[in-house]
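Examining the three-dimensional arrangement
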Amino acid sequence: MTVVIASRLREDRLGYLTAMHASLTRQSVPWEAVIALDGASPDRLPAPLAADPRVRTLALPRPVGAACARNLSLTQVRTPYVNWADDDDEFTDDAMSVRLNALESAGVGWCAGWSADQHPDGSTTLWRCPTPPGRHEAGDVWTYWKSPADTIPIGPTTILARTDLVRAAPMGGLVQGEDYCAIGVTNLAPGILLPVPVYRYRKHAGQMTAQAGYEQLEAAAREHAWQYGRSLRSVLRDPRVVGSAIPWTFPRDHGHRLDTSA
């Protein structure tokens, strides 16, 4: 599997990025990481990441924003599964194995979990998303997002999904809230939500959502993502759309189980 991260390698976030990498090194299944350097020099990459052959970089010549940087990184993915991540967060130690095992055992296209807010003092607060645990058919997750102003139905960075699905429903073309559109993968295939935390969302003064002016575009970003999800679900359920009546799935014996290419 590949973890895709966009970063401008800001000084105040380098320690967080190193901690994110450390959380990946504790995973028990094979992984790779692609770091999209959003206008930043590769020379600023923290030493542990630069020395790790599992970490590759995509150096963009100028800042393009998180959505574009992440989407451009998809061209560098060479594994069957993808997980988005932020450069200031962390994965739990069993985040990859528990979701990969569930995904492959059930023969679904994605598997997600809960997340936890990680506070500056190290304490965490569990966030249970509105979508209930269990299996969900394609399009069902969006029914738990009742209106744009409501809490999103599932945490985008908690989703481990097949690469082809992520490429079909990548980050939205937004300057913020781009990851809301990443939930689109849940419209393309059935999946499973596990009632376990798999991601730690770090709360700190430098995070984008804490910046002045962030709320100015939040409503517009949510409206766009909500409309996108509703329209995508509607189109895929329209009998006039070729193949819309055939649920997406794949044989269980598909050759990727804990493969070194995963």
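Residues numbered from 1 in each chain as written. Predicted model: local features only at pLDDT ≥ 70, side-chain atom pairs only at ≥ 80, totals over all residues. Heavy atoms only, no water.

1. Considering the overall build of the protein chain
Check the secondary structure of the protein chain and you find seven helices and ten strands. Sequence-distant contacts in the protein chain: of pairs separated by 6 or more residues, those separated by 24 or more amount to 77%. As displayed, the protein chain has an accessible area near 11,500 Å², and 55% of this comes from carbon and sulfur atoms. (Helix = DSSP H or I, 4+ residues; strand = E, 2+ residues; numbered from the N terminus. Contact = heavy atoms within 4.5 Å. Areas by Shrake-Rupley, 256 points an atom, 1.4 Å probe, with all protein chains shown as cover.)

2. Examining the packing of aromatic side chains
Inspection of the entire model under this criterion finds three aromatic pairs. Summarising the aromatic geometry, the rings of Phe91 and Tyr199 are spaced 5.2 Å apart at their centres and angled 75 degrees between planes, so their arrangement reads as edge-to-face. Remark: Tyr199 occurs in strand 10 (residues 191-202) and Phe91 occurs in strand 5 (residues 90-91); sequence separation between them is 108 residues. Residue Phe91 is classed as buried on the basis of its relative accessible area of 0%. Residue classification places Tyr199 among the buried residues on the basis of a relative accessible area of 1%. A ring pair is formed by Trp145 and Tyr180, whose centres lie 6.2 Å apart and whose planes are at 70 degrees; its orientation type is edge-to-face. In this pair, Trp145 is assigned in the loop between strand 8 (134-136) and strand 9 (160-162) and Tyr180 in the loop between helix 5 (163-168) and helix 6 (185-188), connecting sequence segments 35 residues apart. The exposure classification of Trp145 matches that of Tyr180, with both residues buried. The rings of Trp142, Trp145 and Tyr180 are connected pair by pair, giving a single aromatic cluster. (Phe/Tyr/Trp six-rings, centres within 6.5 Å; stacked < 30°, edge-to-face > 60°. Buried < 20%, exposed > 50% of the residue type's maximum accessible area, 1.4 Å probe, protein only.)

3. Here's the deal with the confidence of the model for the protein chain
Per-chain confidence: the protein chain averages 90 in pLDDT, with 88% of residues scoring 70 or above. Under a pLDDT of 50 for its full length, residues 253-261 has, in the predicted model, 19 contacts with residues more than four places off or in other chains. (pLDDT = per-residue confidence, 0-100.)

4. Notes on empty space enclosed by the protein
To find leftover empty space, one rolls a probe the size of a water molecule over the atoms. Applying the stated criterion to the full structure yields two cavities of 30 Å³ or more. The volume enclosed by the largest cavity comes to roughly 50 Å³. Taken together, Val82, Asn83, Trp84, Pro156, Ile159, Ala161, Val166, Ala182 and Val185 form the lining of the largest cavity. Among the elements that line the lining of the largest cavity, the one with the most residues is strand 4 (residues 81-86), at three residues. Among the residues forming the lining of the largest cavity, the class breakdown is eight nonpolar, one polar and no charged. A volume near 30 Å³ is recorded for the second largest cavity. Residues belonging to the lining of the second largest cavity are distributed by class as follows: eight nonpolar, one polar and no charged. (1 Å grid on protein atoms, 1.4 Å probe; cavity = no way out; pocket = protein on both sides within 12 Å on 5 of 7 lines; lining within 4 Å. Points joined across faces, edges and corners; volume = space filled by probe spheres on them. Nonpolar A, V, L, I, M, F, W, Y, C, P; charged D, E, K, R; others polar.)

5. Structural notes on unusual backbone geometry
Phi at Leu9 takes a positive value of approximately 50 degrees, unusual for a residue other than glycine. Mapping Leu9 onto the fold places it in the loop between strand 1 (2-7) and helix 1 (14-25). Look at Leu9 and you get buried, because its relative accessible area is 2%.

6. Comments concerning the environment of Arg233
In this fold, Arg233 is placed in helix 7 (residues 215-236). Residues Arg233 and Trp142, 91 residues apart in the sequence, show an inter-C-alpha distance of 7.9 Å. What Arg233 contacts, discounting residues up to four positions off in sequence, is Gly139, Asp140, Trp142, Thr143 and Asn187.

7. Some points on the pairing of strand 7 (residues 124-127)
Relative to strand 7, strand 6 (residues 110-118) runs antiparallel, the two sharing four bridges. Across the sheet, residue Gln118 finds its bridge partner in strand 7, namely Thr124. Turn length for the strand 6-strand 7 hairpin, with the two strands adjacent in sequence and antiparallel, is five residues, and the turn residue Gly122 shows positive phi of about 95 degrees. (Pairing = 2+ DSSP bridges.)

8. Notes on helix 4 (residues 95-106)
Given a rise of 1.5 Å per residue, twelve residues ought to cover 16 Å, and the 17 Å separating the end C-alpha atoms of helix 4 matches this to within 8%. Those residues of helix 4 that sit buried are Ala95, Met96, Ser97, Arg99, Leu100, Ala102, Leu103 and Glu104. Residue Gly107 follows helix 4 closely and has a positive phi angle near 65 degrees. (Expected span 1.5 Å × (residues − 1).)

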